[in-house]
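# Architecture at a glance
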Amino acid sequence: MIWLQGDLSLALCYEKIIKLISPPSENVIINARPWWERYQPVSYHLKTRSGNLAALRDMIRRCNKAGVRVYPDLVINHMSATRGTGTAENNCDPGSRSYPAVPYGGGDFHRSCPLNNYGDPAEVRNCELVGLPDLDQSKQYVRDKIVEYMNHLVDLGVAGFRVDAAKHIWPADLEAIYGRVKNLNTEFFPANSRPFYYQEVVDFGGDAVKREEYLGFGNVLEFRHGFELSKAFQGNNPLKYLHNWGTEWGLMKPHDSVVFVENHDTQRSGSGGITILSYKQSKQYKMAVAFMLAHPHGHTTKLFSGYSYNNNDQGPPNNNGEILGPGVKPDNTCSNGWVCEHRWSQIYNMVEFRNVVHGTPMANWWTDGNQQIAFSRGNKGFVAFTVSGDINADLQTGLPAGSYCDLITGIHINNSCTGKVVKVDGSGRAHIQVNAALDGALAIHVNARV
Ligand SMILES: O=C(NCCCOc1c(-c2ccc(O)c(O)c2)oc2cc(O)cc(O)c2c1=O)[C@@H]1CCCN1C(=O)/C=C/c1ccc(O)c(O)c1
Ligand SMILES: [Ca+2]
């Protein structure tokens, strides 16, 4: 079994493509194999449906060699709420708080209490998220076991961690734990490199637990980013308001956050009644991701890539209990039930766009006053979006004269454009046409000219 490339999501930042993988710790086996069984650990053995220790070590090595940094999803708030299969390594008895394969026992957990009141910060940290036995990370022994688990992954060559349900762990405990994790493996990283932590603190603004509490020692996933872009690109908030997108919208400073449109959780459950975009709304999803990648806000952007599902509990494509990996079709998209959003041309083209325009400011903001916007990035790139009505206007692109491939309607290959060609004149102006009913977006940059 090999570890899947891009199990759950890929995180993109300028220097490297980074890849988040599903929790590598051994989890309980739940009959229907729902996706969230991966979030119910029974031990810190590196053995899951994605592969065993040898497969994990090999995948991380291959990714590092290809310049892709690996970040495992760390589930350290709790242990499984259900019994394992009872076999030696998957054995546990949640009722008596017994997890012999770690080992953990009763004294390593908070006193049992249900988590009902998200308005009480102590309850959010000390009680049981959906009934999951809640580890007491203030205990030295619990910290030792978690640090041991994290150091094992560092030895394999990971670059850092996504910290699952960080909101449910005391910041002081996390800071103490992170501080004890060793420097990154010098086989793959410069000496004295520290792991990069990005923490899941779901905070849409009204929560008693503030995401700022977690900023002193790591980054925080920015849920408001995907929430607001999902609203805007579904027509629920006019695009013209995006002219000051960024901290003026209440988003955290770029270097403190990891921005994204969706994740494994929001694509299924949404938040506050707002549908968070996913592959199921593919046109709007591509527009929102294109905007995220074109805009200067965001130091690290996270792109999701996964498998298709019908019901919200459905787990990954199944091959006799192991995960059925994606095949690759002649058009480079995925098969076997995997969506592989990162292989969609509009998305990987925008990853290149983001790298080409890196470090340039936004300029030449234009809007029709409602649902149509356009802007350039320095003299390197230009984008336009419409949620309603076709764009048909002569606009200032900020770019040098030339013929540019539109990277939304096609790709730049063999020095030709398979999609639209945009002619920019000597003054940087071009006639921009964007069809609202088709792609709703246009993107050009100086490395895709014919
Ligand atoms: O209905 C469910 N859960 C209740 C609603 C989602 O609440 C959960 C949250 C959660 C959701 C929203 C919040 O504001 C929040 O502070 C926490 O975080 C988790 C983290 C875990 O490691 C394991 C979990 O079972 C959960 C979880 O159930 C189903 C059945 C049990 C698992 N599960 C699920 O739906 C599993 C969801 C899940 C799993 C892993 C995640 O990282 C996550 O964010 C959600
Ligand atoms: Ca907790």
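For the structure, check the block above.
Below you will find a few notes about this structure. Since we're looking at a predicted model, the values are computed, not measured. (Residues numbered from 1 in each chain as written. Chains lettered and ligands numbered in written order. Predicted model: local features only at pLDDT ≥ 70, side-chain atom pairs only at ≥ 80, totals over all residues. Heavy atoms only, no water.)

## Details of the overall build of the protein
- Looking only at helices and strands, the protein features 8 helices and 20 strands.
- Computed over C-alpha atoms, the radius of gyration of the protein comes to 23 Å, within 12% of the 22 Å expected from 2.2 N^0.38 for 450 residues, which places it in the range of a compact globule.
- A principal-axis box enclosing the C-alpha atoms of the protein has dimensions of 75 × 45 × 45 Å.
- Out of the 450 residues belonging to the protein, those deemed buried represent 57%.
- When contacts within the protein are restricted to residue pairs at least 6 apart in sequence, long-range pairs at least 24 apart make up 67% of them.
- When the accessible surface of the protein is totalled, it reaches about 17,100 Å², and 50% of it is carbon and sulfur.
- Taking the 43 positively charged and 43 negatively charged side chains of the protein as two groups, their mean positions are separated by 4 Å. (Helix = DSSP H or I, 4+ residues; strand = E, 2+ residues; numbered from the N terminus. Rg over C-alpha atoms; globule rule 2.2 N^0.38 Å. Buried < 20%, exposed > 50% of the residue type's maximum accessible area, 1.4 Å probe, protein only. Contact = heavy atoms within 4.5 Å. Areas by Shrake-Rupley, 256 points an atom, 1.4 Å probe, with all protein chains shown as cover. Lys, Arg positive; Asp, Glu negative; His and termini not counted. Charge placed at Lys NZ, Arg CZ, Asp CG, Glu CD.)

## Digging into the nonpolar core
- Counting 65 residues, the largest nonpolar core has Tyr-104, Met-150, Leu-153 and Leu-174 as the members making the most contacts within it.
- Here this core gets 8 residues from one element, more than from any other, and that element is helix α3 (residues 140-156).
- Each residue touching Leu-174, except ones within four places of it in the same chain, is listed here: Ile-76, Val-163, Ala-166, Ile-169, Gln-199, Tyr-214 and Phe-217.
- Membership of the second largest hydrophobic core comes to 45 residues, among which are Leu-242, Leu-277, Ala-288 and Ala-290. (Core = buried A, V, L, I, M, F, W, Y, C linked by side-chain atoms within 4.5 Å.)

## Observations concerning helix α7 (residues 282-294)
- Taking 1.5 Å of rise per residue, the 13 residues of α7 would be expected to cover 18 Å, and the 18 Å separating its terminal C-alpha atoms lies within 8% of that figure.
- If you check which residues of α7 are buried, you get Tyr-285, Met-287, Ala-288, Val-289, Ala-290, Phe-291, Met-292, Leu-293 and Ala-294. (Expected span 1.5 Å × (residues − 1).)

## Comments concerning unusual backbone geometry
- Following Val-102, the chain continues into Pro-103 via a peptide bond in cis, with omega recorded as -5 degrees.
- Locating Pro-103 in the fold gives a position in the loop between β3 (68-74) and α2 (121-126).
- We note that Arg-97 has phi near 55 degrees; this positive angle belongs to a residue other than glycine.

## Some points on the layout of surface pockets
- The space that makes up the largest pocket amounts to roughly 510 Å³.
- In terms of lining, the largest pocket is formed by 17 residues, of which the most central are Leu-129, Val-130, Asp-164, Glu-200 and Asp-265.
- Taken together, the residues of the lining of the largest pocket sort by class into 9 nonpolar, 4 polar and 4 charged. (1 Å grid on protein atoms, 1.4 Å probe; cavity = no way out; pocket = protein on both sides within 12 Å on 5 of 7 lines; lining within 4 Å. Points joined across faces, edges and corners; volume = space filled by probe spheres on them. Nonpolar A, V, L, I, M, F, W, Y, C, P; charged D, E, K, R; others polar.)

## Describing the state of the cysteines
- Counted according to the given criterion, the structure contains 3 disulfides.
- The side chain of Cys-113 participates in a disulfide bridge whose partner is Cys-127; the two sulfur atoms lie 2.0 Å from each other. Looking down the S-S bond of the Cys-113 and Cys-127 bridge, the torsion is -100 degrees, so its handedness is left-handed. Residue Cys-113 is found in the loop between β3 and α2, and its partner Cys-127 is found in the loop between α2 and α3; the two are separated by 14 residues along the sequence.
- Judged by relative accessible area, which is 15%, Cys-113 ranks as buried.
- Residue classification places Cys-127 among the buried positions, given a relative accessible area of 8%.
- The disulfide that involves Cys-334 links it to Cys-340, with 2.0 Å between the sulfurs. Handedness here is read from the sign of the S-S torsion; for Cys-334 and Cys-340, about -85 degrees, the answer is left-handed.
- Should the bonded cysteines of the protein be numbered as they appear in the sequence, the pairing reads 1-2, 3-4, 5-6. (Disulfide = S-S within 2.5 Å.)

## Examining the coordination of the calcium ion (ligand 2)
- Distances from the calcium ion (ligand 2) to its protein donors, namely Asn-77 (OD1), Arg-125 (O), Asp-134 (OD), Asp-134 (OD) and His-168 (O), fall within the range 2.3 to 2.5 Å.
- Read N to C, the donor residues that coordinate the calcium ion (ligand 2) are spaced as N-x47-R-x8-D-x33-H. Of this pair, Arg-125 sits in helix α2 while His-168 sits in the loop between β4 (160-163) and α4 (171-180), and the two are 43 residues apart along the sequence.
- We classify His-168 as buried; its relative accessible area is 5%. (Donors = N, O, S within 2.8 Å, 3.2 Å for Na, K, Ca; no water.)

## Description of the site of ligand 1
- Among the 16 residues in the neighbourhood of ligand 1, the closest are listed as His-78, Asp-164, His-168, Glu-200 and Asp-265.
- Side-chain polar atom of Lys-167 to an oxygen atom of ligand 1: 3.4 Å apart, as the coordinates give it.
- At a separation of 3.5 Å, an oxygen atom of ligand 1 approaches a polar side-chain atom of His-264.
- Here ligand 1 is seated within the largest pocket.
- A breakdown of the residues in the shell around ligand 1 according to their chemical character gives 8 nonpolar, 3 polar and 5 charged. (Near = heavy atom within 4 Å. Polar contact = N/O pair within 3.5 Å; in protein donor to acceptor, adjacent residues only side chain to side chain. Sits in = over half its atoms within 2 Å of the grid points.)

## Focus: the packing of α3 against α4
- Running from amino to carboxyl end, α3 crosses α4 at an angle of 45 degrees, the nearest separation of the two axes being 9 Å. Regarding the angle of α3 to α4, the classification is oblique. Of the two possible hands of crossing, α3 and α4 adopt the one that is right-handed. Here Gln-140, Arg-143, Asp-144, Ile-146, Val-147, Met-150 and Asn-151 of α3 lie close against α4, whose contacting residues are Ala-172, Asp-173, Ala-176, Ile-177, Tyr-178 and Arg-180.
- By residue class, the composition of the contact of α3 with α4 is 7 nonpolar, 2 polar and 4 charged. (Axes fitted to C-alpha atoms, helices over the stretch in contact; angles between N-to-C directions. Parallel < 35°, antiparallel > 145°, perpendicular 65-115°, else oblique. Left-handed = near helix turned anticlockwise from the far one by under 90°.)

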